[in-house]
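# Commentary on secondary and tertiary structure
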Amino acid sequence: MYSVDISLSFASIVMKTIPFIISTIITVALVFALNKSWGPIPAIGKFLSPQQGFWQNAESIDGNRDETLVFKNLKGKVSVHLDDRLVPHVFAQNNEDAYFVQGYLHAKYRLFQMELQTFAAAGRISEHLGNDQRYINFDREQRRSGMVSGAENALKAFEADPVSKKVCDAYTAGVNSYINSLSESSLPVEYKLLGFNPEPWSNLKIALFLKQMSKTLAGYDDDLEYTLSKPNLSFDDLMQLNKQVPDSLEPIIPKGTIFDPPGINPVKPANADSLYFLKKDTAKIIQYSKPNPINGSNNWVVSGKKTKSGAPILCNDPHLELSFPSVWYEMQITTPDVNVYGVTFPGSPNVIIGFNDNIAWGVTNAQRDVRDYYEIQFKDDSRREYMYNGNWVPTQLRIDTIKVKGANTIYDTIAFTVFGPVVYDRTFSGELSDNKAIALRWTAHDESNEGLTFYNLNRARNYDDYYNAIKTFSCPGQNFVFASRQGDIAIWQQGKFPARWHGQGMYLMPGIDSSYQWQGFIPQNENPHAHLDSGFLQSANQRAVDSTYPYFIPGNYITPRGISITRKLNRMEGITVDDMKALQTDYYSVFAEGARNVLLKYVNENSLDADGKKYLNMVRNWDLNTTPNSTATTVFQSWFDSLEARIWKDEWTKYSLLMPYPPEQTLLEWINKDSAFKFIDNITTSQKETIYDVVTQGLQKAVPQLKKEEGTGQLEWTKHKNPMIYHLLKSSVASFARKIPVGGWSNVINAVTTTHGPSWRMIVHLSDPIEAYGVYPGGQDGNPSSKYYDNFVDTWAAGKYYRLWFMKENENKDKRIIATLTFSNS
Amino acid sequence: MRFILALLLTAAICFLAGLRLEWWSIALVAFFVALLIPQRIAGAFLSGFLGVFIMWSVLAVWIDSKNGNSLSQKMAEIFKLGGSSILLILATALIGGLVGGFAAMAGSSLRPVPRIRRY
């Protein structure tokens, strides 16, 4: 009996042990598998847990947003009233507390964006996005272009300034106070998707953020592409294709303005023809990441003499990539020292575009070229020495550590020369052999303190304060437009711009001695400017000055919007805020007006089939407005794009050119001036094509695609171009994006393209009290679950505005306030 | 009875543990509850499974309704669930349930061998 008993127990132990082993293995394996990310898939168990994962980010629609927060860094009490658009109105007893709270709020609503942008600036994308050659090349190029060393230089400059240092220290402390308050479950949802944690913020990150703006706005050039064109295009050809002063230019500084004689006269090296203009070079260096050349903007200001009220009106709409969250965060900051309202950059203190009790200001991009490349000769593979003025001189080597998610860390050695950092050498470009290398000189490398300009602008009371604030601003060059309650209007194209001899820096330059280095900078007081008490001033990324300006100032200028604005404002009198709203959202294409004349003049109607004739008539009857439902806009744009291809593609293919086609305005002017312009002929055919041939063929070639789009109901302009606002993580989170049913184009005032456009529209009427309107395509809260994530989008898309509430402290019982955050130190 | 008790204990203790601990605390809780409360293995699995399944789905439904389904719909698109909040809630509960179920099974199978009845 006994033995049977034992054997039974033994059997049951086995019976129990096997399930234990199996179920334990399954449980452990499940937990392990669900607690780990697999490629782009986050740790599923952690991510789905309603107590830890993404569910914790789902915000209660009508939850109470009041908070009482205690931070011992604060000196006094700060009240933050959130209005019904979630715009914070910050009332602090001193500046440092205000910037602490600004940092805290930026982090609270936009932390992931701040980190992602500064990771990109610092070349740390692979660290978080993974082992992909594109990310690694991006990171190496960022670092080799001097983004990090430039930020370190900027940090030196603003930590040396006691005011800037205090502001940045307080801002950084505010960001970190928020980061320290986060738990695993309250992390922004993007961190949960990507599986990493925020790291401490620092003043260096503020500098990195501003460097990223320099890259976006002053990081474009085609020097390497132009260099490759030398075997086939002469410098004269290049200057024809990139006309420095378009015939139709409406410059920022009114025509006829007399400029001072130049304070500096850069001298062209005697050997420039043989060593520079005519020297052929074929190293096909490809820049991995170029900023969008149409990052642009509009701003204008009309004096009280042209307005109905008698007070000036200032308008600004910066055009940037549209994203969720927006690059902008709206707020009001009030202390005994400052009372300012406007949009801010999460990642940096102060208000960037806005107004205070006395003045308003706005910015557009100067589009000036402030980057040049030099060909360096290393002594040997070690890159420790390079030739300079007849001697081998030492480089400074910097070893950068690039972490890569899911792969080994990469160590990249960057050589710094007197010209700047070596971006491309044989370790980074297969095209470079021997000891040849390419260094970059860029004004963004230099010590400068851009933040101080905004700190001072926020407090400016008159023209002198404004001028003193902006005159030290160096990169990215901006057109600072200004209006005051006293009635003056002004604009300065401000930046640190090299004084170049004619043609300097269009191509890669010899870098074995000092003869091709920049010889100096254009003196600040010679930067283009105007200060008026009547009329109007405008800027829209065009060349700032007419041909009488005494310097060679290449850039990627955009001409048409300046013409539209100038023409409209010239005709307007008794201007109201509503007129300005209509102008900022205007869809009329002044470019198409000129281009259509050319198309209609040269099209050979008889050789078109029935479809061709139908589309021709649509363009003929078009009102030239690029409205969302306009089908003629699609036909026109397809036709003009097709014409451009017919004119340029043959040369571009045959000569292997990598630069973009010349500006459309330049093409139009050449056709108008010389209909036998040499590029019109298709060099791959034996016959000689005329302007009639290419215009007619342009339409014929566009017809099949147009018919296809018409057949599927996609011919309306907005359906054709399909504008979208993506989340910063792009198509990997497609459901965080929004379609925007808008018209417009980069060459019309309402400059929405596909993913790019007016990122903030602001109108400030300098009446008493100041009356201001604004809107941006996004929302204050970066959390995709929030009703404030995208609540401004429809208003923006409809061309409508919000009245901006410049709150007074005693209005704290106003019904627009939905919540109050109270900060104190005890 | 034991089944209901195990289920409720699993749900309640998992909830409390989840307030402070990592998400996988559900496995530890389900394991120990099953270790303490005698059940057949299949019953233990089911009580662990349902305990976590119900707790996670109730929480998810509650959070989701307060949020107006906004985030769940977006997430359900990212995870190729056709934008369906319901499917995402089910997926959430299922994942939690499976971990809870297998952990409970392991706990239950580690119980001392019950005395063999003599006939």
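Residues numbered from 1 in each chain as written. Chains lettered and ligands numbered in written order. Predicted model: local features only at pLDDT ≥ 70, side-chain atom pairs only at ≥ 80, totals over all residues.

Here we come to the overall build of chain B. On a plain count of helices and strands, chain B comes out with five helices and zero strands. Ordered by position from N to C terminus, the α and β elements of chain B give α-α-α-α-α. Here the C-alpha coordinates of chain B stretch approximately 60 × 25 × 25 Å along the principal axes. When burial is assessed residue by residue, chain B has 50% of its 119 residues classed as buried. (Helix = DSSP H or I, 4+ residues; strand = E, 2+ residues; numbered from the N terminus. Buried ≥ 20, exposed ≤ 12 C-beta atoms within 10 Å, placed from the backbone.)

Turning next to the overall build of chain A. Along the backbone of chain A there are 23 helices and 29 strands. Computed over C-alpha atoms, the radius of gyration of chain A comes to 29 Å, within 12% of the 28 Å expected from 2.2 N^0.38 for 826 residues, which places it in the range of a compact globule. If one aligns the C-alpha atoms of chain A with their principal axes, the spans along those axes are about 115 × 70 × 65 Å. Scored against the burial criterion, the 826 residues of chain A give a buried share of 50%. Across chain A, contacts joining residues at least 24 apart in sequence account for 72% of those joining residues at least 6 apart. (Rg over C-alpha atoms; globule rule 2.2 N^0.38 Å. Contact = placed C-beta atoms within 7 Å.)

Moving on, we come to the interface of chain A and chain B. Opposite the 38 residues of chain A that make contact, chain B presents 34 residues. At the level of secondary structure, the elements contributing two or more residues to the side of chain A that touches chain B comprise helix 1 (2-34) and helix 2 (44-48) of chain A. Ranked by the residues each element gives to the side of chain A that touches chain B, the list is headed by helix 1 of chain A, at 15 residues. Tallied by class, residues from the side of chain A that touches chain B come to 19 nonpolar, 15 polar and four charged. (Nonpolar A, V, L, I, M, F, W, Y, C, P; charged D, E, K, R; others polar.)

The next point concerns helix 17 (residues 590-602) of chain A. Residue and element names in this part refer to chain A. Counted at 1.5 Å a residue, the expected span for helix 17 with its 13 residues is 18 Å, and the 19 Å between its end C-alpha atoms agrees. Three or more residues of helix 17 are buried, namely Val-590, Phe-591, Ala-592, Ala-595 and Leu-599. Residues of helix 17 that are buried make contact with helix 15 (560-571), helix 18 (610-620), helix 19 (631-654), helix 20 (664-673) and helix 21 (691-711). (Expected span 1.5 Å × (residues − 1).)

Residues and elements named next belong to chain A. Strand order in the open sheet formed by four strands is 16-17-11-20, and the pairing between neighbours is mixed. Each edge of the sheet is formed by a strand with only one pairing partner; in this case those strands are strand 16 (422-424) and strand 20 (509-510). With seven bridges joining them, strand 11 (residues 371-377) and strand 17 (residues 436-442) adopt antiparallel strand pairing. Across the sheet, Tyr-373 pairs through a bridge with Leu-440, a residue of strand 17. (Pairing = 2+ DSSP bridges.)

Moving on to unusual backbone geometry. For residues other than glycine, phi is negative in most cases, and the peptide bonds are mostly trans. Following Phe324(A), the chain continues into Pro325(A) via a peptide bond in cis, with omega recorded as -10°. With respect to the secondary-structure elements, Pro325(A) resides in the loop between strand 6 (323-324) and strand 7 (329-335). Looking along the chain, the bond that leaves Asp768(A) and enters Pro769(A) is cis, with omega of 0°. Inspection of the secondary structure puts Pro769(A) in the loop between strand 26 (761-765) and strand 27 (771-775). A positive phi angle is found at Leu86(A), which is not glycine, with a value near 65°. Tracing the backbone through its elements, the reader meets Leu86(A) in the loop between strand 2 (78-83) and strand 3 (88-92). By C-beta crowding, Leu86(A) is classed as buried, having 21 other C-beta atoms within 10 Å. Although it is not a glycine, Lys80(B) sits at a positive phi angle of roughly 60°.

Residue and element names in this part refer to chain A. In spatial order, the strands read 6-23-24; together these three strands make up an open sheet with mixed pairing. Across the chains shown, the open sheet's two edge strands, defined by having one partner strand only, are strand 6 and strand 24 (738-739). As judged from the two bridges shared by strand 23 (residues 724-727) and strand 24, these two strands associate in the antiparallel manner. Pairing of Met-724 across the sheet is with Lys-739, part of strand 24.

Let us look at the environment of Ala437(A). Residue and element names in this part refer to chain A. Along the chain, the position of Ala-437 falls in strand 17. For Ala-437, a count of 25 C-beta atoms within 10 Å gives the class buried. With 298 residues separating them in the primary sequence, Ala-437 and Ser-735 have C-alpha atoms 44 Å apart. The residues contacting Ala-437, other than those within four sequence positions of it, are Ile-376, Phe-378, Val-422, Tyr-424, Asp-425 and Leu-432.

With that out of the way, let us pick up the pairing of strand 12 (residues 385-388) of chain A. Bridge count for strand 12 of chain A against strand 13 (residues 391-394) of chain A is four bridges, and the pairing is antiparallel. Counted as the bridge partner of Tyr386(A) is Val393(A) from strand 13 of chain A.

What follows covers the confidence of the model for chain B. Residues at a pLDDT of 70 or more form 94% of chain B, whose mean pLDDT is 92. Across the predicted assembly, pTM comes out at 0.95 and ipTM at 0.95. (pLDDT = per-residue confidence, 0-100.)

Okay, the nonpolar core next. Residue and element names in this part refer to chain A. Residues Val-101, Ile-438 and Phe-482 are the most contacted members of the largest nonpolar core, which totals 178 residues. No other element matches helix 3 (residues 95-121), which puts 14 residues into this core. Each residue touching Ile-438, except ones within four places of it in the same chain, is listed here: Ile-285, Tyr-373, Glu-375, Ile-376, Val-422, Val-423, Tyr-424 and Leu-508. (Core = buried A, V, L, I, M, F, W, Y, C linked by C-beta atoms within 7 Å.)

So, on to the pairing of strand 18 (residues 478-484) of chain A. Residue and element names in this part refer to chain A. In terms of residue burial, strand 18 counts as a mostly covered element, since seven of its seven residues are buried. In the sheet, strand 10 (residues 359-365) pairs with strand 18 via seven bridges, with the strands oriented antiparallel. By the bridge assignment, Gly-362 is partnered in strand 18 with Val-481. The pairing of strand 18 with strand 19 (residues 489-494) spans six bridges and is classified as antiparallel. Across the sheet, the residue bridging to Asn-479 is Gln-493, located in strand 19. Two successive antiparallel strands, strand 18 and strand 19, enclose a turn made up of four residues, where Gly-487 displays a positive phi of approximately 105°.

Residue and element names in this part refer to chain A. Where helix 3 contacts helix 7 (residues 162-181), the axes come no closer than 7 Å and their chain directions differ by 40°. What the angle tells us is that helix 3 and helix 7 run oblique. Helix 3 and helix 7 meet at a crossing whose hand is right-handed. On helix 7, the residues that touch Asn-95, Glu-96, Tyr-99, Phe-100, Val-101, Gln-102, Gly-103, Tyr-104, His-106, Ala-107, Lys-108 and Leu-111 of helix 3 are Lys-166, Val-167, Ala-170, Tyr-171, Thr-172, Ala-173, Gly-174, Val-175, Ser-177, Tyr-178 and Ile-179. For the contact of helix 3 with helix 7, the residue count by class is 13 nonpolar, seven polar and three charged. (Axes fitted to C-alpha atoms, helices over the stretch in contact; angles between N-to-C directions. Parallel < 35°, antiparallel > 145°, perpendicular 65-115°, else oblique. Left-handed = near helix turned anticlockwise from the far one by under 90°.)

All names here are of chain A. Its 27 residues place the ends of helix 3 only 28 Å apart at the C-alpha level, less than the 39 Å of an ideal helix rising 1.5 Å per residue. At Arg-110, helix 3 is deflected by roughly 100°, the largest bend along its length. Counted residue by residue, helix 3 has 26 buried out of 27 residues, so it is predominantly covered. Looking one or two residues past helix 3, Gly-123 carries a phi angle of roughly 65°, positive in sign. (Bend = angle between axes of the 7 residues up to and from the residue.)

A few words on the environment of Ser348(A). All names here are of chain A. Tracing the chain through its elements places Ser-348 in the loop between strand 8 (338-344) and strand 9 (353-356). Ser-348 gets classed as buried once you count the C-beta atoms within 10 Å, which come to 24. Taking C-alpha positions, Ser-348 is 22 Å from Val-189, a pair spaced 159 residues apart along the chain. Setting aside anything within four residues of it in sequence, one finds Ser-348 in contact with Ile-206, Phe-209, Leu-210 and Gly-451.

Glancing now at the environment of Ile553(A). Residue and element names in this part refer to chain A. Inspection of the secondary structure puts Ile-553 in the loop between strand 22 (536-539) and helix 15. Using a count of 23 C-beta atoms within 10 Å as the deciding quantity, one classes Ile-553 as buried. Residues in contact with Ile-553, not counting those within four places in the same chain, are Arg-368 and Phe-497.

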